[in-house]
Amino acid sequence: FDAQGNLLYSDILSFEAPYLGTFKKLNLSTASVSSYTAPEGIIVYPTQTPVFANNKWWFADCQSNKLKSVALPSMQLEEFPVGGACSDGRGLLASTPDGTVYHYGREDHINKITPDGTASQIALPAGTVWLSALNSTPDGHILMNIAVDNGDDTYSNTLARINQAGEIETYYSHVQVGGEDAIVGYSMTMDEDGNTWVGTYPDVEHADILPLLTKIS
């Protein structure tokens, strides 16, 4: 949602390459929709969910290996080179109410870009294999679901958050036997009582997974 309460979303025009799409704004009061065509050369992958911060769409461009933003309504484009913008055509993005954007693309860190354009990195815990989820909560917490290799043929499904010091702290970990593909949880949030809700659902690589909503108190 933007500051005026409009719903912002991306619409994929084609599920075949080059996956061109549009950015859209829905006025919930009038039900009117405004469309903004992605700039030429911009690829919007169907496996990505862009985020909206500082009146800009933010998304990972897997072809150029860059994090990009498109301002509305001018459609002015900005680029931020990052290592490993995507993994398997998927880059994880989240933003906080102050306009700070967080990005993960299968590296050993999370990229952080503040509203003034300052970029920095937050190191992930040792043994991190990948992140399956990176989400924000309404009160500004950044949550993540981390797959950690324990080095003994087990993996930990680890829930963590970025604390006020800007560091990643773990608050739940569950050890399971199996490869990294067994550790999934694609969306998550935290309610007002401090409970974490993790959503798991089937996708192209995990078609046999049953939709599941898990609550961690």
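Rules and cut-offs
Residues numbered from 1 in each chain as written. Predicted model: local features only at pLDDT ≥ 70, side-chain atom pairs only at ≥ 80, totals over all residues. Heavy atoms only, no water. Salt bridge = Lys/Arg side-chain N within 4 Å of Asp/Glu carboxyl O. Helix = DSSP H or I, 4+ residues; strand = E, 2+ residues; numbered from the N terminus. Buried < 20%, exposed > 50% of the residue type's maximum accessible area, 1.4 Å probe, protein only. Pairing = 2+ DSSP bridges. Axes fitted to C-alpha atoms, helices over the stretch in contact; angles between N-to-C directions. Core = buried A, V, L, I, M, F, W, Y, C linked by side-chain atoms within 4.5 Å. Polar contact = N/O pair within 3.5 Å; in protein donor to acceptor, adjacent residues only side chain to side chain. Contact = heavy atoms within 4.5 Å.

**Focus: the pattern of salt bridges**
Okay, step 1: Following the criterion strictly, the structure yields 4 salt bridges and no others.
Okay, step 2: The salt bridge involving Lys56 is made with Glu78; its shortest N-O contact spans 2.5 Å. Taken together, the residues Lys56 in strand S5 (residues 56–61) and Glu78 in strand S7 (residues 77–81) connect sequence positions 22 residues apart.
Okay, step 3: Ionic pairing is found between Glu79 and Lys66, a salt bridge with its closest N-O pair at 2.9 Å. Here Glu79, found in strand S7, pairs with Lys66, found in strand S6 (residues 66–71); they are 13 residues apart in sequence, far enough to count as distant.
Okay, step 4: For Lys66, a relative accessible area of 25% puts it in the partly exposed group.

**Some words on the sheet that holds strand S11 (residues 119–123)**
Okay, step 1: In space, the 4 strands of this open sheet follow the order S8-S9-S10-S11, with antiparallel pairing throughout. Edge positions in the sheet fall to strand S8 (92–95) and S11, since each has one partner strand and no second. Neighbouring strand axes in the sheet, compared pairwise and without regard to direction, differ in orientation by 25 degrees on average.
Okay, step 2: Looking at chain direction, strand S10 (residues 109–113) and S11 are connected through 5 bridges and run antiparallel.

**Here's the deal with the nonpolar core**
Okay, step 1: In terms of nonpolar packing, the biggest core is built from 20 residues, with Ile110, Leu131, Leu134, Met144 and Ile168 touching the most fellow members.
Okay, step 2: Secondary-structure elements contributing two or more residues to this core are S8, strand S9 (101–104), strand S12 (128–136), strand S13 (142–149) and strand S14 (154–162).
Okay, step 3: Sorting elements by how many residues they give to this core places S13 first, with 5 residues.

**What about the side chain of Lys68?**
Okay, step 1: Checked against the element boundaries, Lys68 lands in strand S6.
Okay, step 2: Lys68 sits in the buried class, given a relative accessible area of 6%.
Okay, step 3: Polar contacts involving the side chain of Lys68 include one to the side chain of Glu79, which spans 3.4 Å.

**Details of the pairing of S9**
Okay, step 1: Across the two faces of S9 the burial is the same, with Val101 and His103 and Tyr102 and Tyr104 all buried.
Okay, step 2: Here 4 bridges tie S8 to S9, and the two strands are oriented antiparallel to one another. What sits directly across from Leu93, in S9, is His103.
Okay, step 3: What sits between the antiparallel neighbours S8 and S9 is a turn of 5 residues, in which Gly99 has the positive phi angle 95 degrees.
Okay, step 4: Between S9 and S10, which pair antiparallel and follow one another directly, the connecting turn spans 4 residues, one of which, Arg106, has a positive phi of 65 degrees.

**What about the environment of Thr96?**
Okay, step 1: Here Thr96 lies in the loop between S8 and S9.
Okay, step 2: Spatially, the C-alpha atom of Thr96 lies 7.9 Å from that of Ala53, the residues being 43 residues apart in sequence.
Okay, step 3: Those residues in contact with Thr96, other than ones at most four positions away along the chain, are Tyr102, Gly140 and Ile142.
Okay, step 4: A polar atom in the side chain of Thr96 sits 2.5 Å from the side chain of Asp98.

**Quick word on the sheet that holds S5**
Okay, step 1: The strand order across the open sheet formed by 4 strands is S4-S5-S6-S7, and the pairing between neighbours is antiparallel. A strand with exactly one partner marks an edge of an open sheet, and here the two such strands are strand S4 (51–53) and S7. Along the sheet, successive strands turn relative to each other by an average axial angle of 30 degrees, direction set aside.
Okay, step 2: Judged from the 6 bridges that link them, S5 and S6 form a sheet pairing that is antiparallel. Across the sheet, Ala60 pairs through a bridge with Leu67, a residue of S6.

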